[in-house]
Amino acid sequence: MAAKNVTQKALTMISRLPRVSLYNIANPVFEKKPSSFHVYGKKRNWGQKGRRQRGYMYYLGYEGGQTPWWYKIPYEPYNKDHHLKRSYPPISLGLLQLLVDTNRIDPSKPIDMTSLSNTKIFKMSPLNRDFGFQLTDEGLDTFKAKVHIEVQYAKEHVIAAIERNGGTITLAYYDATSVWAASDPAKYFAHGRPIPRRELPPQNAIELYTSAESRGYLADPEKIAEHRMVLAQKYGYTLPDLSTDPQSDMLLMRKDPRQVFHGLEPGWYVNLKEKKILRPTDPDLAKYYQS
């Protein structure tokens, strides 16, 4: 009974008290800085020398002490080998179809990095670790063009969309120097440099560019033909016969693994002003640039 009476009295007292508002609560403890003439002592209640003595606020993230935060936090290699990763700016199937429809790209000729860069829509920067284009599936249902295209990365259903229309696709690796030459040939030739010899892919990209499933440029052409048929059966479309196609020469055209431009060999000098091509005559240079 005593406990019930105490509880009832407490509830009654709370019900009679005024509501909490800004007018009946106590001021914060450190709302007003104490006057210096009321404080006695050597430091006048301002602590040691430094920021606290001069009234400066500590910067965001300050934890005190002399040990930097990157020594306190355990090491996690989130960005390990970040400078070695390759970037592939995207180009969609819908945009590729638009470029063909607006005559920015000629589908009767092979399409590679140089053709895409010459549209002045895409920018390739080797300084930003750009190593080519990746073909994405946006606009896959409306893609109707028959092209022979060379990109650096594409997924399986994108490859199927190209081959369903009678086209061909190749995944090829370009090193940084080759990307610089292929993305802006006029600027590269203006420096008076020979056409570079394209390097082979690094170790972590060998599997991609030697696989017939991904249409790698180092894969066996006979195995690529087999996987073209397998992919057609998987996605349920009739594979066009390239041997009877009137554009078979263009569709089956492939660069040499060391070649950057169609029709131009590594080591050649291109003089745009005089419209001349100079070929190396030194046997050592010819052997170096030979594939």
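How each quantity is defined
Each chain carries its own residue numbering, running from 1 in the direction its sequence is written. Two thresholds apply to this predicted model, a pLDDT of at least 70 for residue-level local features and 80 or more for giving and counting side-chain atom pairs, whereas whole-chain, interface and lining totals are computed over all residues. Water and hydrogen atoms were dropped before computing side-chain values, which therefore reflect all heavy atoms in the structure. UniProt positions are given in the numbering used here, feature names are shortened, and annotations may be inferred rather than shown by experiment. Burial status follows relative accessibility: with a 1.4 Å probe on protein chains alone, a residue under 20% of its type maximum counts as buried, one over 50% as exposed, and anything between as partly exposed. Only DSSP runs of H or I reaching four residues or more are called helices, and only runs of E reaching two or more are called strands; each is numbered from the N terminus. Strands qualify as paired when DSSP identifies two bridges or more between them. In the sections that follow, a salt bridge refers to a side-chain nitrogen of Lys or Arg positioned within 4 Å of a carboxyl oxygen of Asp or Glu. Definition of a polar contact: a pair of N or O atoms within 3.5 Å, with one able to donate and the other able to accept a hydrogen when the atoms are protein atoms, and with sequence-neighbouring residues admitted only if both atoms are side-chain atoms. Working rule for contacts: check all heavy atoms of both residues, and any pair within 4.5 Å makes them a contact. The criterion for an aromatic pair is that two Phe, Tyr or Trp rings (for Trp, the six-membered ring) have centres within 6.5 Å, with stacked assigned to planes under 30 degrees apart, edge-to-face to planes over 60 apart and tilted to the rest. Simply put, an axis is a line fit to the C-alpha atoms, just over the touching stretch for a helix, and the angle between two N-to-C directions goes from 0 to 180 degrees. Our angle categories are set so that under 35 degrees counts as roughly parallel, over 145 as roughly antiparallel, 65 to 115 as roughly perpendicular, and the remainder as oblique. Three classes are used: nonpolar for Ala, Val, Leu, Ile, Met, Phe, Trp, Tyr, Cys and Pro, charged for Asp, Glu, Lys and Arg, and polar for all others, with Gly counted as polar. Exposure above 30% relative accessible area and the absence of a salt bridge qualify a residue for a patch, where like charges join within 9 Å and nonpolar side chains (Val, Leu, Ile, Met, Phe, Trp, Tyr) within 5 Å. All accessible-area figures derive from a Shrake-Rupley calculation using a 1.4 Å probe, and residue coverage is judged against the displayed protein chains alone.

The chain is annotated in an unreviewed UniProt entry as Large ribosomal subunit protein uL15m of Cordylochernes scorpioides. Quoted verbatim from the Sequence similarities (unreviewed entry) field of the UniProt record, the comment on the chain reads "Belongs to the universal ribosomal protein uL15 family."

Chemist: Help me get a handle on the pairing of strand 3 (residues 148-151), residues and values and all.
Modeler: Every second residue of strand 3 is oriented toward a common face, with His 148 and Glu 150 on one face and Ile 149 and Val 151 on the other, all of them buried. Both strand 3 and strand 5 (residues 168-171) contribute to a ladder of four bridges, which runs parallel. Counted as the bridge partner of Ile 149 is Ile 169 from strand 5.

Chemist: Describe the pattern of salt bridges, with residues and values.
Modeler: Opposite charge on two side chains makes pairing possible when the charged atoms of those side chains draw close. The full count for this structure, using the stated rule, is eight salt bridges. Across the pair Glu 163 and Arg 215 runs a salt bridge, and its minimum N-O distance is 2.7 Å. Note that Glu 163 is positioned in helix 6 (residues 156-164) and Arg 215 in the loop between helix 9 (206-209) and helix 10 (221-235), a separation of 52 residues in sequence. Arg 215 sits in the buried class, given a relative accessible area of 2%. Overlapping salt bridges, with partners in common, bring together Asp 112, Glu 150 and Lys 255 in one network.

Chemist: Residue-level account of the side chain of Gln 152, with values.
Modeler: Mapped onto the fold, Gln 152 is located in the loop between strand 3 and strand 4 (153-154). Of the polar contacts made by the side chain of Gln 152, one reaches the backbone oxygen of Ala 172; its length is 3.1 Å. Every residue in contact with Gln 152, bar those within four places of it in the chain, is listed here: Tyr 88, Met 113, Phe 131, Gly 132, Phe 133, Leu 171, Ala 172, Tyr 174, Leu 208 and Tyr 209.

Chemist: Now, about the packing of aromatic side chains: what can you tell me, with residues and values included?
Modeler: Within a pair of aromatic rings, the relevant descriptors are the distance that separates the centres and the angle that separates the planes. As enumerated under the stated definition, the model contains eight aromatic pairs in all. Between Phe 122 and Phe 133, the aromatic rings sit 5.5 Å apart at their centres with planes inclined by 70°, giving edge-to-face as the arrangement. You can see Phe 122 sitting in the loop between helix 5 (113-117) and strand 2 (134-136) and its partner Phe 133 sitting in the loop between helix 5 and strand 2, a full eleven residues away along the chain. Both residues of the pair, Phe 122 and Phe 133, count as buried. Seen in terms of ring centroids, Tyr 288 and Tyr 289 are 5.0 Å apart; in terms of plane orientation they differ by 80°. Their pairing is edge-to-face. Here the aromatic residues Phe 131, Tyr 173, Tyr 209 and Tyr 217 are joined through ring pairs into a cluster of three or more.

Chemist: Residues and numbers for unusual backbone geometry, please.
Modeler: Residues other than glycine seldom take positive phi values, yet Arg 215 does so here, at roughly 60°. Of note in this structure, Lys 275 is not a glycine but carries a positive phi near 55°. The topology assignment puts Lys 275 in the loop between strand 6 (269-271) and strand 7 (276-278).

Chemist: Got a sec to walk through the side chain of Glu 150? Specific residues and values, please.
Modeler: Tracing the chain through its elements places Glu 150 in strand 3. The class of Glu 150 is buried, set by a relative accessible area of 10%. A distance of 2.6 Å separates polar atoms of two side chains, one belonging to Glu 150 and the other to Tyr 174. Ignoring anything within four residues of it in the chain, the contact list for Glu 150 reads Ile 111, Asp 112, Met 113, Thr 170, Ala 172, Tyr 174 and Lys 255.

Chemist: Which residues make up the environment of Ile 224, and what values go with them?
Modeler: Position of Ile 224 relative to the elements: it lies in helix 10. Distance from Ile 224 to Glu 213, taken between C-alpha atoms, is 6.9 Å for residues eleven residues apart in sequence. Those residues in contact with Ile 224 that sit more than four places away from it in its chain are Ala 212, Arg 215, Gly 216, Ala 219 and Arg 254.

Chemist: Got a sec to walk through the packing of helix 6 against helix 10? Specific residues and values, please.
Modeler: Contact geometry for helix 6 and helix 10: axes closest at 10 Å, N-to-C directions at 100°. If you check the angle between helix 6 and helix 10, you find them roughly perpendicular. Facing helix 6, whose interface residues are Glu 156, His 157, Ile 159, Ala 160 and Glu 163, helix 10 presents Arg 228, Leu 231, Lys 234 and Tyr 235. For the contact of helix 6 with helix 10, a count of residues per class yields four nonpolar, one polar and four charged.

Chemist: Before we move on, can you summarise a nonpolar patch on the surface with the specific residues and values?
Modeler: A contiguous nonpolar patch, built from Trp 69, Trp 70, Tyr 71 and Ile 73 and spanning about 550 Å² of accessible area, is present on the exposed surface. Within the fold, Trp 70 resides in helix 3 (residues 69-72).

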